[in-house]
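# Observations on chain architecture
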Amino acid sequence: MSVPTSANPSFPMHVSVAEAREMLAALLPELETETVPVAQALGRTLAADLEALVSHPSATESALDGIAAREADTLSASAETPVRLKIVGESRAGMPFDGEVGAGECVRIYTGAPLPPGADAICPVEELADDGPEHVHLLRPAFPADVRPEGGDFRAGETVMRAGLRLSAPRVALAVALGHARLPVRRKLRVALLSTGDEVIEPGLPLQAGQVYDSNRVGLSAMLGESGCEVIELGHAPDSPASLQAAIAGAGGADVLLTSGGVSMGKYDFMRDLLIERGRVSFWKVRMRPGGPAILGGWNGLPVFGLPGNPVSSLVVFHVIVRPALTGQPVQSLKLRAATPFRGLKDKTAFWRGVIQDGEVGDYGAQGSGILRSLSDADALVIVPEGGGVQAGELVDVVLL
Ligand SMILES: Nc1nc2c(c(=O)[nH]1)N[C@H]1C(S)=C(S)[C@@H](COP(=O)(O)OP(=O)(O)OC[C@H]3O[C@@H](n4cnc5c(N)ncnc54)[C@H](O)[C@@H]3O)O[C@H]1N2
Ligand code: MOO
């Protein structure tokens, strides 16, 4: 075929990174809800708001190991003028004191144990001196701030987590504390994964000159797993239309197909040809570097996103376009001071690899899309907008890797 150029496209070319992200997201299905044990919910998207079924703390309790007393009795306490209180009992977590604390009295109490009626403040063991088995000296006042009020964290009936939240480890733990044993979550997106290229070979095989190990497939599969997707492994296909079609036929049941390689300007870039000549194209090429040749389209009703073969390009496109579209989670960027200059590109957003040191981000060095070491050595992608450029000392947007 004659490769389409900006002069004669029958589909959008050179879209922005944000447009590419939105166009991919628009091709993905709405995912059904399923209920899973909370221990299996890590990485999933919450499908409904979650109410607290219980309050936390479930009773007003102590935040420290020490004694519970009446604050008013202890206000004058200091190391020089200790206050002496009578110990009338003990409150342990799960075994509360069953009486009331009166004037001049206290109970020994432990972290998480219920505060007995009458007491309103805590003095920790470090500030106590024993005076026989039944009395204690306070070396400073007891503080009400060391009492944790019932429901101070959340109250039963309160909506604490919102639908759409991505369930990180702390959020799964919170869901358990709210009283949930099972959670409504979106089913996993099913992503078929195929790498292409005659020169690409399985890890472990002897490497001939001109060949390269299939690092993209393993890396992309790992990143899809981390993103909460179910991966349908299609393996690797050589550069021919027939073998690509045969491999894609294995993607039945997938929601989207992700491919690596064969999307740029070369004669043997058959993924591009397949979509343009026999499939459907939503866009080809994104105004970004690396990753410019990415293509989005469809094959027999299956959305297909073609990542460039260059490993750095495929990683960057995954981070800033594919993952946010697949997960619905925005790209998280933050501002850091630049330790070195970063050049801008006239008509492309640049995502340079950066190294973070002492709170500043510096140029990783070799920025070629074939520099595989930058994949593991770089800490961040430094975003330089189209037509921009960054001087050392300026603030710059970065995405952590
Ligand atoms: N004349 C032009 N040539 C190229 C252009 C261009 O605009 N004009 N764009 C360049 C850019 S930018 C990129 S990125 C690459 C992308 O090309 P493809 O997507 O067609 O990728 P391939 O040619 O198949 O491979 C590129 C490179 O990556 C290695 N590779 C491929 N698959 C894997 C894999 N699974 N694991 C590890 N490495 C892989 C492959 O051996 C090549 O070295 O095109 C530029 N060319
Ligand atoms: O993106 Mo290519 O991605 O510049 O090497």
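Above this text you will find the structure in question.
Scope of this entry: the structure provided in the associated data block. Not measured: the values here are computed from a predicted model.

Turning to the sheet that holds strand β5 (residues 66-69), a few remarks are in order. Read across the open sheet, the six strands follow the order β8-β5-β7-β6-β10-β9; overall the sheet is mixed. Each having just a single partner strand, β8 (121-124) and β9 (128-131) make up the two edges of the open sheet. The average undirected angle you get between the axes of adjacent strands in this sheet is 40°. When β5 meets strand β7 (residues 105-109), the two strands line up antiparallel, connected through four bridges. Its bridge partner being in β7, Ile-67 is matched across the sheet by Arg-108.

Residues Ala-20, Val-191, Leu-193, Leu-257, Leu-258, Val-322 and Val-382 are the most contacted members of the largest nonpolar core, which totals 67 residues. Among the elements that line this core, the one with the most residues is helix α7 (residues 311-327), at ten residues. Residue-level mapping places this core at the junction of two domains, with at least three residues from each of domain 1 (13-31 + 188-327) and domain 4 (334-400). In contact with Val-191, not counting residues within four places along its chain, are Leu-224, Cys-229, Val-231, Ile-232, Ala-254, Asp-255, Val-256, Leu-258 and Leu-326. Core analysis: the next-biggest nonpolar cluster, separate from the first, contains 22 residues, Ala-69, Leu-85, Leu-115 and Cys-123 among them.

It is at 10 Å that the axes of helix α4 (residues 215-226) and α7 come closest, and there the two elements cross at 20°. Our classification of the angle between α4 and α7 gives roughly parallel. Relative to α7, α4 is oriented so that their crossing is right-handed. For the pair α4 and α7, the contacting residues are Ser-215, Asn-216, Gly-219, Leu-220 and Met-223 in the first and Pro-311, Ser-314, Leu-315, Phe-318 and Arg-323 in the second.

Taken together, the neighbourhood of ligand 1 is formed by 27 residues, with Asn-216, Gly-261, Ser-264, Pro-308 and Gly-309 sitting nearest. Elements represented by at least two residues in the shell around ligand 1 include exactly α4 and α7. Looking at the shell around ligand 1, its residues break down into eight nonpolar, 15 polar and four charged.

Parameters at a glance
Residues numbered from 1 in each chain as written. Chains lettered and ligands numbered in written order. Predicted model: local features only at pLDDT ≥ 70, side-chain atom pairs only at ≥ 80, totals over all residues. Pairing = 2+ DSSP bridges. Helix = DSSP H or I, 4+ residues; strand = E, 2+ residues; numbered from the N terminus. Axes fitted to C-alpha atoms, helices over the stretch in contact; angles between N-to-C directions. Core = buried A, V, L, I, M, F, W, Y, C linked by C-beta atoms within 7 Å. Buried ≥ 20, exposed ≤ 12 C-beta atoms within 10 Å, placed from the backbone. Domains from an automatic or database assignment. Contact = placed C-beta atoms within 7 Å. Parallel < 35°, antiparallel > 145°, perpendicular 65-115°, else oblique. Left-handed = near helix turned anticlockwise from the far one by under 90°. Near = placed C-beta within 6 Å. Nonpolar A, V, L, I, M, F, W, Y, C, P; charged D, E, K, R; others polar.

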